[in-house]
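Given next are the chains, with one letter for each unit.
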Amino acid sequence: MQHKIESTESNTIIITYSDHQTGTCKAGLTAQQAIAQYDAKLAKRMVAARVAGQVVDVHTPLTENAQVIPVMPNEADGLEILRHSCAHLMAQAISQLFPGTRLAIGPVIDNGFYYDVDCGEQVIKEEDLPRIEKCMRKLVAKQIPIERQLISRRQALDLFRGKDEHYKVEIIDQIEDDAPLVLYQQGEFIDLCRGPHVPHTGHLRAFKLQRLSGAYWRGDSDKVMLQRVYGTAWADKGALQDYLDKLEQAKVRDHRGLAKKMDLFHLQGEAPGMVFWHPNGWKLYQLILQYMRRCIVDSGYEEVNTPQLVDVSLWKRSGHIDKFSENMFFVDQTNENRRYAIKPMNCPCHVQLFNQKLRSHRDLPLRLAEFGSCHRYEPSGTLHGLLRVRNFVQDDGHIFCTEEQIQQEVSDFLDLLQRIYKNFGFQKIIYRLSTRPEERIGLEESWDKAELALQTVLDNKGIAWELCEGEGAFYGPKIEFSLQDCLDRIWQCGTIQVDFCMAKRFDAYYIAKDGSKCPPVILHRAVLGTFERFIGILIEETAGLLPFWLAPVQVAVLTVSEKHHSYAEKLQEDLKKLDIRVKLDLRDHKIGYKIREHSVLRVPYLLIVGQKEVDTMQVSVRTQAGDHLGIMSIEGFLAHVKSCL
RNA sequence: GCUGGCGUAGCUCAGUUGGCAGAGCAGCUGAUUUGUAAUCAGUCGGUCGUAGGUUCGAAUCCUAUCGCCAGCUCCA
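Keep in mind it's a predicted model, so treat the numbers as computed, not measured.

Enquirer: Would you mind showing me how to read the packing of aromatic side chains here?
Expert: Any two aromatic rings considered together are summarised by their centre-to-centre distance and by the angle between their planes. By the definition in use, this model includes 23 aromatic pairs. Judged by centre distance (6.4 Å) and plane angle (50 degrees), the rings of W277 and W282 are tilted. Taken together through their ring pairs, the aromatic side chains of F265, W277, W282, Y285, F371 and F531 make up a single cluster. Against the face of W234 rests R83, its NZ or CZ located 4.4 Å from the ring centre. The ring of Y114 carries R228 above its face, with NZ or CZ at 3.7 Å from the centroid.

Enquirer: I tried to follow the domain arrangement of chain A on my own but got confused; where do I start?
Expert: Reports often express the size of an interface as the amount of accessible area lost when the parts come together. Entries for chain A in the domain assignment read domain 1 (12-71), domain 2 (76-244), domain 3 (265-303 + 353-541) and domain 4 (553-644). Using C-alpha coordinates to define each centre, domain 3 is positioned 41 Å away from domain 4.

Enquirer: How should I be thinking about helix α12 (residues 347-354) in this particular structure?
Expert: Residues spaced three or four apart along an α-helix face the same direction, because each turn holds 3.6 residues. Counting buried positions over the 8 residues of α12 gives 6, a clear majority of the element. For α12, the set of buried residues is C347, P348, C349, H350, V351 and F354.

Enquirer: Before we go on, may I ask you to explain the nonpolar core in this structure?
Expert: Nonpolar side chains tend toward joint burial in soluble globular proteins. Of all hydrophobic cores here, the largest spans 66 residues; its most connected members are I288, I420, Y421, F424, F481, L528 and F531. With 9 residues, the single largest contributor to this core is helix α9 (residues 279-298). When near neighbours in sequence (up to four residues on either side) are disregarded, F424 contacts I288, Y291, L528, F534, L538, W549 and L550. Of all hydrophobic cores here, the second largest spans 43 residues; its members include L82, L89, F98 and W234.

Enquirer: What is the right way to read the packing of α9 against helix α16 (residues 531-542) from this model?
Expert: Helix-helix packing is described using two parameters, namely the angle between the two axes and the distance between the axes. Direction vectors running N to C along α9 and α16 enclose 110 degrees, while the axes themselves pass 11 Å from each other. Accordingly, the angle class assigned to the pair α9 and α16 is roughly perpendicular. Of the two possible hands of crossing, α9 and α16 adopt the one that is right-handed. From α9, L284, Y285, I288, L289 and M292 reach across to α16, where they touch F531, E532, I535 and L538.

Enquirer: Before we go on, may I ask you to explain the sheet that holds strand β2 (residues 22-26) in this structure?
Expert: What links the strands of a sheet is backbone hydrogen bonding, and the strands pair in either a parallel or an antiparallel sense. Judged by pairing direction, the sheet is mixed, and its 5 strands sit side by side in the order β2-β1-β5-β3-β4 without closing on themselves. Two strands bound the open sheet, and with one partner strand each, they are β2 and β4 (54-56). The sheet shows a mean angle of 35 degrees between the axes of neighbouring strands, taken without regard to direction. Note that strand β3 (residues 48-51) and strand β5 (residues 66-71) share 4 bridges and pair antiparallel. Within β5, the position partnered with R50 by the bridge is I69. Contacts from helix α1 (residues 31-38) reach β1 (12-16), β2, β3 and β5 within the one sheet, and its direction differs from that of β5 by about 85 degrees.

About the cut-offs
Residues numbered from 1 in each chain as written. Chains lettered and ligands numbered in written order. Predicted model: local features only at pLDDT ≥ 70, side-chain atom pairs only at ≥ 80, totals over all residues. Heavy atoms only, no water. Phe/Tyr/Trp six-rings, centres within 6.5 Å; stacked < 30°, edge-to-face > 60°. Lys NZ or Arg CZ within 6 Å of the ring centre and 35° of its normal. Domains from an automatic or database assignment. Buried < 20%, exposed > 50% of the residue type's maximum accessible area, 1.4 Å probe, protein only. Helix = DSSP H or I, 4+ residues; strand = E, 2+ residues; numbered from the N terminus. Core = buried A, V, L, I, M, F, W, Y, C linked by side-chain atoms within 4.5 Å. Contact = heavy atoms within 4.5 Å. Axes fitted to C-alpha atoms, helices over the stretch in contact; angles between N-to-C directions. Parallel < 35°, antiparallel > 145°, perpendicular 65-115°, else oblique. Left-handed = near helix turned anticlockwise from the far one by under 90°. Pairing = 2+ DSSP bridges.

As structure tokens, this is what we get:
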């Protein structure tokens, strides 16, 4: 189907190229033809055109004077089009190989694309992916033209109903706009799509299907589950290979593998989602905890500790039983005929602490902190190493304050958080504001106030943030502070949540200036989030090469032979006295063997001790990265370490 | 929880069509006394995740179950 060519007053229009040269052409010429006048090679390789700033298909006819720039496959817009077309190509191949397949959606994602399909009884297996790829390549070789068509809503509905494509029908039904719908056709394959697309399948040269998974139709777990096929696509084979190599490299940073190598922790089936910390891992954990303890004390918090098992009556009152019980563990103590909940959060207990005294406005803000062990029953399919567990400790805290104090407290918290993340070496923090969810407690006007307060602080600090509508906690909106793992998956770590509800539920109040009783606002906040997740991310961020201050073992002393043992032992004692975490390796192995082993364990510094060092009372220093720092005195080594901190 | 895949020695992994459970590393023993990412030899080690079933015979086929992996839903 051809585009309708609008008549123009003059038959000739002026086009401007990317280098600001101008030319003329007949109205109705396509963007590609216009580019071809200027550079035929470019026109052949272009995947789309930017006409007057709008990205459109190459076949789009030009109707008025405009700048016309080719969109090439290696630029961002071009790649996106390429990937989108690749999703269609894959859907075409799947439709051929799995007759009766119904298509849902096939969008572009970071680095690639996916398509959700419903093959009825047929199951796409991992081993089918090469088959689908092969079919795709055949379609590529045919250079099938990809044609755009405009179609009325009625025609579209008839078409897709006729094909029994009920997902497409549902999508069309939900498009409110009365404008004509856009179809793209390549060979026998037709899909509803906004486009633009590459002009023919021959442009899709570098792609790979990656994995399969299930995905609910419209992301709703009550709806049918579709089969999702993921793929990646690039401008050329080199870029594709670079990306695949990068993925392999990233997997080396996976904290689960590194934890094994570094002997940090393990998980086992009898305690799903709960961590067995090994000595090295627990050292790291404690170092971070002690650091956080110093930070919060310096920031005006008081540390407390509260029970892990609390009678369900308290959780009924807090609202957790209503809104959160699916995520809670319970303990039935039958000989007492009592039911306890294992705490999923510390907040209700902190309110109990607040309530133990009559509080004055002069006591506010009251900042309570707790490194309390919490348990949450997370669905089994969501558990993921340290990044998603069922038993965790947060660097949790609750600030009891007045409404007027919210902004200052949130602002101070953000400063603290940014300082701490920087100290751990994180550059990229993702800020998200999550607003009221459907399941919630509290008054609408309280939510209005709380959401506004958080947004104001973010804006005042000039922070770029995303809005996550409906994703707040049941008791209040929150700012989430997220970090990314080795595969760029986003994990929420820190958070600050405004809560106007919890205090009222527990009749918590303070005496205001005018003598009246007022419920305090409670700010729930955590900088790291959970130690578990934070450590997982930290390991991936550093690829296990922890900064010196966090290395479980900071220095290993390795002897060349038995003759050097007593000197090495003395060295160990001296370093211990200086609070350096040191390990001595006197085993009967060659020095290369010992170096390899401690390098794998990611020990930052290896001190090699042989005859030369014994004679001169020095050490030979090697870094984990394999750099030789030469032979130096202990003092010289310590000075070097200090200079690197 | 859902979909798909996987589960074999401490670790990383082979194991063909159903036919005696394997390798490398680690461990242990011995030799070796070593100079910057794996010294040599010998040796130990497994109810093949668990429970049923089919079969003359199951790591292999079937069913259930637990766990893990990827994604979905959910979430720090």
